[in-house]
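Notes for the structure review
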Amino acid sequence: MAANPQALYSRQAETDASTSGKLLSAKNVTLEYRTPERLVRATHDVSFDVYGADRFVLLGPSGCGKSTLLKAVAGFIEPVAGSIEIGGERVRGPGADRIVVFQEFDQLPPWKTVVQNVIFPLRVARKLSRAEARERALHYLDKVGLAKFADAYPHTLSGGMKQRVAIARALAMQPRVLLMDEPFAALDALTRRRMQEELLRLWSDERFTLLFVTHSIEEALIVGNRILLLTPHPGRVRAELNSHQYTQESMGRGEFQQSVARIHRLLFEEEIAQ
Ligand SMILES: Nc1ncnc2c1ncn2[C@@H]1O[C@H](COP(=O)(O)OP(=O)(O)OP(=O)(O)O)[C@@H](O)[C@H]1O
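Residues numbered from 1 in each chain as written. Predicted model: local features only at pLDDT ≥ 70, side-chain atom pairs only at ≥ 80, totals over all residues. Heavy atoms only, no water.

Under the criterion given, the structure shown has three aromatic pairs. Centre to centre, the rings of F48 and F56 are 5.2 Å apart; their planes meet at 20°, and the pair counts as stacked. Owing to a relative accessible area of 3%, F48 belongs among the buried residues under this scheme. Assessed through its relative accessible area of 0%, F56 is described here as buried. Ring geometry for Y246 and F256: centres 5.1 Å apart, planes at 90°, overall edge-to-face. Taken together, the residues Y246 in the loop between β10 (237-242) and α8 (254-273) and F256 in helix α8 connect sequence positions ten residues apart. F256 matches Y246 in its accessibility class, with the two residues each being buried. (Phe/Tyr/Trp six-rings, centres within 6.5 Å; stacked < 30°, edge-to-face > 60°. Buried < 20%, exposed > 50% of the residue type's maximum accessible area, 1.4 Å probe, protein only. Helix = DSSP H or I, 4+ residues; strand = E, 2+ residues; numbered from the N terminus.)

This is how it looks when you write it as structure tokens:
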């Protein structure tokens, strides 16, 4: 049975001055894949609410359906039961109001320069004129520290730099929700930490709403202000908790380590004991 979130931490997010009204709502969402051989249930009866400017993390072991949930929010997969709503409107397919940053470094077309990569979706969405799109692209490239690399091609960039371009490209679209699927998982440990810091700095500047998938407990505690814990396959809600109090500096501290241990127990040990 899912632990009572209230019992873990007070539900600070609703009263946190940095968050606003409910933006995204998943209601009793069940997601399945139908392959020629079998039916795979990825998540079962999952519900959660994301508020404006939340950094909401989906955390759970490999195969618990985190990426599938993110894909459903992005509109690539339709729930077999339940519904997902953005601003009270049911999600019925992909839209420019939800942009995904993936883990893979090859998400940037290699034949376009960095700035062209950021401009391209803005032009496709017919959001801005050519000049406005360029101006906005350069603004967000500056935000991620890549202004000097605007005319470089992706193959000349490091993995971390490519992820920064992907983040700039997503933010330039000014989506209602930024979706990130293990965006730093393929980076080395030091770069990963730096990227987590940079993401939090960007969030302080821009206050976007983030839905972030990870299977790293530490990353969830640092990046998120709220965390939804999912059980192993198929993913059900195990607990929901607040983590707004943690930053990179918290990592070595006792309270942080206790939270890591508690989440680990919730994810694995208590599940086995049932
Ligand atoms: N295209 C697919 N066809 C069939 N089954 C799939 C497909 N994609 C995912 N699955 C299955 O759905 C379940 C959930 O997968 P999903 O990738 O969402 O998990 P996850 O929690 O994101 O895992 P990871 O952290 O390893 O990426 C798994 O059992 C997986 O094997």
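Across the sheet, six strands lie side by side as β6-β7-β8-β3-β9-β10; this open sheet has mixed pairing. The outermost strands of the open sheet, each flanked by one partner alone, are β6 (98-101) and β10. Taking each pair of neighbouring strands and ignoring which way they run, the sheet shows an average axis angle of 20°. The strands that helix α5 (residues 159-172) touches are β6 and β7 (177-181); relative to β6, the one it contacts most, it runs at about 180°. (Pairing = 2+ DSSP bridges. Axes fitted to C-alpha atoms, helices over the stretch in contact; angles between N-to-C directions. Contact = heavy atoms within 4.5 Å.)

Glancing now at the packing of helix α4 (residues 130-143) against helix α6 (residues 189-206). At a minimum axis distance of 11 Å, the contact between α4 and α6 shows a crossing angle of 130°. It follows from the interaxial angle that α4 and α6 lie oblique. Every residue of α6 that contacts α4 at H139, Y140 and K143 is listed here: R201, L202, D205 and E206. Grouping the amino acids of the contact of α4 with α6 by side-chain chemistry returns two nonpolar, one polar and four charged. (Parallel < 35°, antiparallel > 145°, perpendicular 65-115°, else oblique. Nonpolar A, V, L, I, M, F, W, Y, C, P; charged D, E, K, R; others polar.)

On inspection of all chains with the given rule, the structure shows ten salt bridges. Here K143 ties to E206 by a salt bridge, and the two come within 3.6 Å at their closest N and O atoms. Of this pair, K143 sits in helix α4 while E206 sits in helix α6, placing them 63 residues apart in sequence. Two residues, E240 and R226, come together in a salt bridge whose shortest N-O distance is 2.5 Å. (Salt bridge = Lys/Arg side-chain N within 4 Å of Asp/Glu carboxyl O.)

Lining the immediate surroundings of the ligand are 15 residues, of which S62, G63, K66, S67 and T68 lie closest. Here an oxygen atom of the ligand and a backbone polar atom of C64 are 3.1 Å apart. Protein contacts shield 65% of the accessible area of the ligand, which totals 630 Å² for the unbound molecule. In terms of residues, the shell around the ligand owes the most to one element, helix α2 (residues 66-74), which gives three residues. Taken together, the residues that form the shell around the ligand break down as five nonpolar, eight polar and two charged. (Near = heavy atom within 4 Å. Polar contact = N/O pair within 3.5 Å; in protein donor to acceptor, adjacent residues only side chain to side chain. Areas by Shrake-Rupley, 256 points an atom, 1.4 Å probe, with all protein chains shown as cover.)

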